[in-house]
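Here are the chains, one letter per residue:
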Amino acid sequence: MQLVNGVEAHLPLGASSALGRMALIVMLTASTASACASLKFPQEQDKVYSMAVEASLAGNASLANAAAYQYVLGSTTEDPRYDRALRLIARSSEELELSYAASIYYLEIAQARRDVELVGDAIRGLEQILRKYPYDEPTIETGFLATEEITGLPFEEQAFVDYYQGLDSIQQNFDDWGAQRFAQIPQSSPYYARAQYVLAVRLLARSEVDAAKAAFEQLLAREDLPEDVGIDCNRTLARLAYSERDFELALKYYDKIRATAPNDPQLLLEMAWTHYQLGQSHRALGLLVALDAPAFAELIAPERFLLEALALRRLCQFEPARRAAVRLRERLGAALTDLHDGVPLQQSEALRAAAGLRTTGRPVAEFHARLKVERAMLDELEDSIGPALHKHLVALYDRALVEAQRRENELLGAEMEALAEELLAAEEGVRLILHELGVALLRGRGRPEGPPEQGTFAFLNLTEPVFYLFEGEFWTDELDDLVVTIEDRCID
């Protein structure tokens, strides 16, 4: 017997040599392909387990999954190989990209702790799934990682557990317990920086702003800082600087993370506000134009249209400012109509659709969507995994889909309330700007109060208008570099 990737493998005599290993792979590939076609399992449990191991080694995840499940059906939790069979199911499920099923089996191994040697593997498997896929957050984080007493793991897996346990304690306002958990994380672990970021945010929550700033800066000075933590630190410092009206400093922090803008439309909006506050309306408008890219259709931020109108008004572009202001109703008019007509929030399809694109409930929405994808994959895998395993997994996924839908609806309700308030506030802002535009037309082209406008552009004196037709090449990877060179018509 030999362990290969942590799995027991019964190897033929001579398989330890290079030639023997090559012969083994050829033999396993042929045998597992044949077995997969018929899915007939041996009567003896030992042979069923060996089939699962051999299929796993040969890269036949479907047969490995089916055979390991067949072994589990014929054994009990007292069987020393029971959890090893569960690990085979989890790993083969992960190879088949059935991430939810894999997480459930890893969770079973880790929670039961029948085989202490396998707990670290199970925790490692859960960590990989958390990094790669949308996952069942309440079950894995709240229901296990944050609440179980898990010790004695290898330091990497233990750091992972300590981080989530400390995070949960702090979220429950048990700061001392959380700090104790975080203190156990080695500084060499990437979770150390993540823990320090949580503690810095906690300082902000207690209004210890200077101490929080120092903590964020200290984190940014680390050479081994994980990229996501660096982005969060810079963004938080940028928002702090903006709230203190130090817009130049805010831009310095934003500039450090501009490379992430193509995947983060909210960042473009925050940068646009900062440029507007500095009197850089052309730059602010460029960022807002970028938000019209199809890739950013998911951003539902009513303030975006108000900011565009304000920036155009600062340049005394009255008609474009008016058109920008009324775009709010063009984009979200159906939701506004429902609000004014007194339609209950939960019954407004327009508001529901808009709220579904927001980021607050995105983890649940993404997990729900992933469940649907994997549930559809099961039907394609039915022949290769066999009717017994297929029926079991279908039941597992159908239950998860019902619960994910319930959680999504619950979060969506809260998001709809928040969006309704933002919509009404933005609509009121639009009314005010439209009124101000009407007054400004009567008074002339004076610039409204605010910082001096920066960035002027020379325009060609053309007798005929010039139009450029774009054929699919308008949107580029440099969306955060766009500048609108519209004429400044104000007379200061």
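If you're wondering where the values come from, they're calculated on a predicted model, not measured in any experiment.

### Comments concerning the nonpolar core
Here comes step 1: Within the largest apolar cluster, 73 residues are counted, with the highest numbers of intra-cluster contacts made by Leu-98, Ile-123, Leu-145 and Tyr-163.
Here comes step 2: Apart from residues no more than four positions distant in its own chain, Ile-123 is found in contact with Ala-110, Phe-144, Leu-145, Ile-150, Leu-153, Glu-157, Phe-160 and Val-161.

### As for the layout of surface pockets
Here comes step 1: Counted as a void, the second largest pocket has a volume near 430 Å³.
Here comes step 2: Listing elements by their share of the lining of the second largest pocket, those giving two or more residues are α15 (281–290), α16 (303–314) and α17 (318–340).
Here comes step 3: In terms of residue count, the dominant contributor to the lining of the second largest pocket is α17 (four residues).
Here comes step 4: The residue inventory of the lining of the second largest pocket, partitioned by class, reads nine nonpolar, two polar and seven charged.

### Things to note about helix α6 (residues 116–132)
Here comes step 1: Between the first and last C-alpha of α6 there are 26 Å, a value that for 17 residues agrees with the 24 Å anticipated at 1.5 Å per step.
Here comes step 2: Each element contacted by the buried residues of α6 is listed here: α4 (82–95), α5 (99–112), α7 (137–145), α8 (155–171) and α10 (190–205).

### Focus on the state of the cysteines
Covalently bonding the sulfur atom of one cysteine to the sulfur atom of another cysteine gives a disulfide.
Here comes step 1: Evaluation of the coordinates by the stated rule reveals one disulfide.
Here comes step 2: In this model, Cys-316 is linked to Cys-490 through a disulfide, with the two sulfur atoms separated by 1.9 Å. Across the S-S bond linking Cys-316 and Cys-490, the dihedral sits near 100°, which makes this disulfide right-handed. A residue pair is termed long-range when its members are at least 10 positions apart, and Cys-316 in the loop between α16 and α17 and Cys-490 in the segment after α19 (362–443) qualify at 174 residues. Grouping residues by exposure puts Cys-316 and Cys-490 together as buried.

### So, unusual backbone geometry
Here comes step 1: Located in the positive-phi region is Arg-113, a residue other than glycine, with phi close to 50°.
Here comes step 2: Position of Arg-113 among the secondary structure elements: in the loop between α5 and α6.
Here comes step 3: Of note, Asn-173 is a non-glycine position whose phi angle comes to about 70°, a positive value.
Here comes step 4: One can find Asn-173 in the loop between α8 and α9 (175–183).

### Notes on the packing of aromatic side chains
Here comes step 1: Scanning the entire structure with this criterion turns up 12 aromatic pairs.
Here comes step 2: Consider the rings of Tyr-163 and Phe-182, whose centres lie 6.0 Å apart with planes at 20°: the pair is stacked. Of this pair, Tyr-163 sits in helix α8 while Phe-182 is found in helix α9, placing the two residues 19 residues apart along the sequence.
Here comes step 3: The buried category is assigned to Tyr-163, whose relative accessible area is 11%.
Here comes step 4: Clustering of aromatic rings is evident, with ring pairs tying together Phe-160, Tyr-163, Tyr-164, Phe-182 and Tyr-191.
Here comes step 5: It is Arg-194 that lies over the ring of Tyr-191; its NZ or CZ is 5.3 Å from the centre.
Here comes step 6: The lysine or arginine in question, Arg-314, covers the ring of Tyr-276, its NZ or CZ lying 4.1 Å from the ring centre.

### So, the pattern of salt bridges
Here comes step 1: If you walk through the whole model with that rule in mind, you get 43 salt bridges.
Here comes step 2: Between Arg-181 and Asp-162 there is a salt bridge, and its shortest N-O distance comes to 2.7 Å. With Arg-181 in helix α9 and Asp-162 in helix α8, this residue pair connects regions lying 19 residues apart in the sequence.
Here comes step 3: Of the charged contacts in the structure, one is a salt bridge between Arg-206 and Glu-208, with a shortest N-O distance of 3.1 Å.
Here comes step 4: Judged by relative accessible area, which is 42%, Arg-206 ranks as partly exposed.
Here comes step 5: Three or more residues are tied together by salt bridges with common partners; here these are Arg-87, Arg-91, Asp-121, Arg-124 and Glu-157.

### Observations concerning α7
Here comes step 1: All of the buried residues along α7 are Ile-140, Glu-141, Phe-144 and Leu-145. Projected down its long axis, α7 shows its buried positions confined to an angular sector of 120°, all on one face.
Here comes step 2: On its buried side, α7 packs onto α5, α6 and α8.

### As for the packing of α15 against α16
Here comes step 1: The interhelical angle for the contact between α15 and α16, taken along N-to-C directions, is 150°, at an axis separation of 9 Å. The angle between α15 and α16 places the two elements in the roughly antiparallel class. Both α15 and α16 take part in a crossing whose hand is left-handed. Packed against α15, whose contacting residues are Ser-281, Leu-285, Leu-288 and Val-289, the element α16 presents Arg-304, Leu-307, Glu-308, Ala-311, Leu-312 and Arg-314 at the interface.
Here comes step 2: When the residues that make up the contact of α15 with α16 are grouped by side-chain class, the tally is six nonpolar, one polar and three charged.

### Observations regarding the confidence of the model for the protein
Here comes step 1: On average, residues of the protein score 84 in pLDDT, and 86% of them reach the 70 mark or higher.
Here comes step 2: Of all helices and strands in the protein, the one with the weakest mean pLDDT is strand β1 (residues 2–4) (35), whereas α4 scores best (97).
Here comes step 3: Confidence over residues 1–37 falls short of pLDDT 50; this stretch has 52 contacts with residues more than four positions distant or in other chains.

### A few points about the environment of Ala-183
Here comes step 1: Within the secondary structure layout, Ala-183 lies in helix α9.
Here comes step 2: What makes Ala-183 exposed here is its relative accessible area of 64%.

### A word on the packing of helix α14 (residues 265–277) against α16
When two helices pack together, you describe them by how their axes are tilted relative to each other and by the distance separating the axes.
Here comes step 1: One can describe the packing of α14 onto α16 by two numbers: an axis separation of 11 Å at closest approach and a directional angle of 25°. Judged by the angle between their axes, α14 and α16 are roughly parallel. In this structure, α14 crosses over α16, and the sense of that crossing is left-handed. Here Leu-269, Ala-272, Trp-273 and Tyr-276 of α14 come into contact with α16, specifically with Glu-303, Arg-304, Leu-307, Leu-310, Ala-311 and Arg-314.

### A closer look at the environment of Gln-184
Here comes step 1: Positionally, Gln-184 belongs in the loop between α9 and α10.
Here comes step 2: Sequence separation of Gln-184 and Ala-159 is 25 residues, and the distance between their C-alpha atoms is 7.5 Å.

What counts, and at which threshold
- Residues numbered from 1 in each chain as written.
- Predicted model: local features only at pLDDT ≥ 70, side-chain atom pairs only at ≥ 80, totals over all residues.
- Heavy atoms only, no water.
- Core = buried A, V, L, I, M, F, W, Y, C linked by side-chain atoms within 4.5 Å.
- Buried < 20%, exposed > 50% of the residue type's maximum accessible area, 1.4 Å probe, protein only.
- Contact = heavy atoms within 4.5 Å.
- 1 Å grid on protein atoms, 1.4 Å probe; cavity = no way out; pocket = protein on both sides within 12 Å on 5 of 7 lines; lining within 4 Å.
- Points joined across faces, edges and corners; volume = space filled by probe spheres on them.
- Helix = DSSP H or I, 4+ residues; strand = E, 2+ residues; numbered from the N terminus.
- Nonpolar A, V, L, I, M, F, W, Y, C, P; charged D, E, K, R; others polar.
- Expected span 1.5 Å × (residues − 1).
- Disulfide = S-S within 2.5 Å.
- Phe/Tyr/Trp six-rings, centres within 6.5 Å; stacked < 30°, edge-to-face > 60°.
- Lys NZ or Arg CZ within 6 Å of the ring centre and 35° of its normal.
- Salt bridge = Lys/Arg side-chain N within 4 Å of Asp/Glu carboxyl O.
- Arc of directions from axis to C-beta.
- Axes fitted to C-alpha atoms, helices over the stretch in contact; angles between N-to-C directions.
- Parallel < 35°, antiparallel > 145°, perpendicular 65-115°, else oblique.
- Left-handed = near helix turned anticlockwise from the far one by under 90°.
- pLDDT = per-residue confidence, 0-100.

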